[in-house]
Number of protein chains: 2
Amino acid sequence: MKKKAEVGEDPLNGTFRLENFLPYRLSVAEEAVSRVIARDHLAQSGLTMPEWRLIAAVGRFGVISPTAAGAHAGMDKVKVSRAAASLVGRGLLRQAHDPSDGRGRLLRLTRKGLAIHADLAPTADAIETALMESLTKTERTVLHKALAKLSAHAGMLLRPNGADVHE
Amino acid sequence: MKKKAEVGEDPLNGTFRLENFLPYRLSVAEEAVSRVIARDHLAQSGLTMPEWRLIAAVGRFGVISPTAAGAHAGMDKVKVSRAAASLVGRGLLRQAHDPSDGRGRLLRLTRKGLAIHADLAPTADAIETALMESLTKTERTVLHKALAKLSAHAGMLLRPNGADVHE
DNA sequence: TATTGTTATACTCTATAACTATA
DNA sequence: TATAGTTATAGAGTATAACAATA
């Protein structure tokens, strides 16, 4: 009787190591980093990550449409719309009609929003510095480049067409 | 009257570039990669990411406790418990009582679960290969190392104690 | 007919804590 | 009292599609 043998047949043969799997490591790193930011910075300001990103995008350009802001912050229009509504409610953002297009809006920060934005840049620098401390100069450079390549490549794999790996 | 000047005072001065901010780039890369996996692999098997990870952990060790599996898959006990319940419901996982500790459980894959696990390793290799294609050998090596360092460093920053950046 | 933006819905995830059963 | 695991609950995030107004 080899019943037991069938069930237990060398369970280690397909030695796949989750901890060496790039997507897993990416996910772990991303979660750890997000957690630091959420706890040490967002929590105090009462901002969510999408709100924080929107403030960064609007603050950088001064006046910008929701669509353009979303493109810069990696958010779709629904997320932008909700983050904007929330920020308006807290008096950090102003939404005006675009005089040149009746459908469009123009976003700009209020004085309160600008104050938060002014804080945001040095805070982000501090975060980045704190995180980057653990890396050598080469690692920092390569990491940035590798992440950019990975994002682009994954994005390409995602296209409905080129989607197939084994083509 | 300098009202206008106050509101609009050089909005570009704190030139913080979200797209160069490491946590943002990490998040973008992670999302893109997750999306590829979810769409091209998980969707077809009907597995969620936690379920996939749990199968990987159990499949690798053959027999393992939920706690130990969670430690290997980066999941807390609640997530493990839910993923396990779901996998048991689909006939992919078996939960037995730990004879040496009445509180503990022992997880092992069913034959069906083993079949999925057997598929999982080559699939993961294909994903990894497809993603890594875009990187040079050096970039791959450095990326792995940098992610490990970053995770560890962020984890350290998260400790209730050492939490302070400016100590 | 296409586009900008808002709203609705349903689903997944996450975090916390309460709970059980053992130790 | 502490630990292994389960269950409950509420909050936040996500995706999708339906919708209104305008182009």
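This text follows the structure it describes.
Analysis parameters
By convention here, each chain's residues receive numbers from 1 onward along its written sequence. Here every chain gets a letter starting at A, and every ligand a number starting at 1, in the order they are written. Whole-chain, interface and lining totals are the exception, using all residues; otherwise, since this is a predicted model, local features are given only for residues with pLDDT of at least 70 and side-chain atom pairs are given and counted only at 80 or more. Note: side-chain values were computed over all heavy atoms of the structure, leaving out hydrogens and water. Whether two residues are in contact is decided by their heavy atoms, any of which lying within 4.5 Å being enough. Using a 1.4 Å probe, buried area is obtained as the accessible area two parts lose upon being combined, added over both of them. Only one rule defines a salt bridge in this text: a Lys or Arg side-chain nitrogen within 4 Å of an Asp or Glu carboxyl oxygen. Helix and strand definitions here come from DSSP, where helices need a minimum of 4 consecutive H or I residues and strands a minimum of 2 consecutive E residues; each element is numbered from the N-terminal end. C-alpha atoms of residues with pLDDT of at least 70 in both copies form the basis for the least-squares superposition of the copies. Throughout, near means a residue has at least one heavy atom within 4 Å of the molecule or strand. Residues adjacent in sequence count toward polar contacts only when both atoms are side-chain atoms; beyond that, a polar contact is any pair of N or O atoms within 3.5 Å, and within protein one must be able to donate a hydrogen and the other to accept it. Gly counts as polar in this scheme, as do all residues outside two lists: the nonpolar Ala, Val, Leu, Ile, Met, Phe, Trp, Tyr, Cys and Pro, and the charged Asp, Glu, Lys and Arg. Think of a nonpolar core as a cluster: buried Ala, Val, Leu, Ile, Met, Phe, Trp, Tyr and Cys residues, connected wherever their side-chain atoms sit within 4.5 Å. Exposure classes here rest on a 1.4 Å probe applied to the protein chains alone. A residue is buried below 20% of its type maximum, exposed above 50%, and partly exposed in between. A pair of aromatic rings is counted whenever rings of Phe, Tyr or Trp (Trp by its six-membered ring) have centres within 6.5 Å, and the orientation is called stacked for planes under 30 degrees apart, edge-to-face for over 60 and tilted otherwise.

(A) Region of the structure containing the interface of chain A and chain B. If you look at the interface, chain A gives 71 residues, while chain B gives 71 residues. Contact with chain B buries surface across chain A, with Phe-16, Arg-60 and Leu-158 of chain A losing the most and accounting together for 10% of the total. On inspection of chain A and its partner chain B, the count reaches four salt bridges. A salt bridge links Lys-149 of chain B to Glu-139 of chain A, with the shortest nitrogen-to-oxygen separation between them at 2.9 Å.

(B) The environment of Thr-123 of chain A, seen in detail. As for its position among the elements, Thr-123 of chain A is in helix α6 (residues 111-132). For the pair Thr-123 of chain A and His-41 of chain A, spaced 82 residues apart in the sequence, the C-alpha separation amounts to 8.0 Å.

(C) Spotlight on the relation of the copies chain A and chain B. Rotating chain A by 180° and translating it 0.0 Å along the rotation axis places it on chain B, where the RMSD comes to 0.1 Å. Overall, the copies show the geometry of a two-fold rotation axis. Relative to the rotation axis, the closest C-alpha in chain A is found at Leu-143 of chain A, a distance of 2.8 Å. Counting the interface residues of chain A, we find that 100% of their copies in chain B are interface residues as well, pointing to one common contact surface.

(D) Local environment of the protein's contact with DNA strand C. By nearness alone, 18 residues border DNA strand C, and Thr-67, Ser-81, Arg-82 and Arg-103 of chain A together with Gly-102 of chain B come closest of all. Contacts to DNA strand C include Ser-81 of chain A, whose side-chain N or O atom sits 2.8 Å from a phosphate oxygen. Separating a base nitrogen of DNA strand C from a side-chain N or O atom of Arg-82 of chain A is a distance of 2.8 Å. If one sorts the elements of the surface near DNA strand C by residue count, helix α5 (residues 77-89) of chain A sits on top with four residues.

(E) How the structure looks around the protein's contact with DNA strand D. Close to DNA strand D lie 19 residues, the nearest being Gly-102 of chain A together with Pro-66, Thr-67, Ser-81 and Arg-103 of chain B. By atom count, sugar and phosphate contribute 57% of the portion of DNA strand D lying within 4 Å of the protein. At 2.7 Å from a base oxygen of DNA strand D is found a side-chain nitrogen or oxygen belonging to Arg-103 of chain B. Elements with a minimum of two residues in the surface near DNA strand D: α5 of chain A together with α4 (66-73) and α5 (77-89) of chain B. Examining the composition of the surface near DNA strand D, we find that four residues originate from one element, α5 of chain B, more than from any other. Residue composition of the surface near DNA strand D, by class: three nonpolar, seven polar and nine charged.

(F) Main features of the nonpolar core. Counting 92 residues, the largest nonpolar core has Leu-54 of chain A together with Leu-54 of chain B as its most contacted members. With residues near it in sequence (within four places) discarded, Leu-54 of chain A still touches Ala-69, Val-80, Ala-83, Ala-84, Leu-87, Leu-93 and Leu-107 of chain A.

(G) A look at the environment of Gly-59 of chain B. Relative to the helices and strands, Gly-59 of chain B is located in helix α3 (residues 49-61). Counting along the chain gives 57 residues from Gly-59 of chain B to Ile-116 of chain B, while the straight-line C-alpha distance between them is 9.4 Å.

(H) Layout of the packing of aromatic side chains. Taken as a whole and assessed by the stated rule, the structure comprises six aromatic pairs over all chains. Here Phe-16 of chain A and Phe-21 of chain A contribute two aromatic rings whose centre-to-centre distance is 5.4 Å and whose plane-to-plane angle is 80°, an arrangement assigned as edge-to-face. Connected via pairs of aromatic rings, a cluster forms that spans Phe-16 and Phe-21 of chain A together with Trp-52 of chain B.

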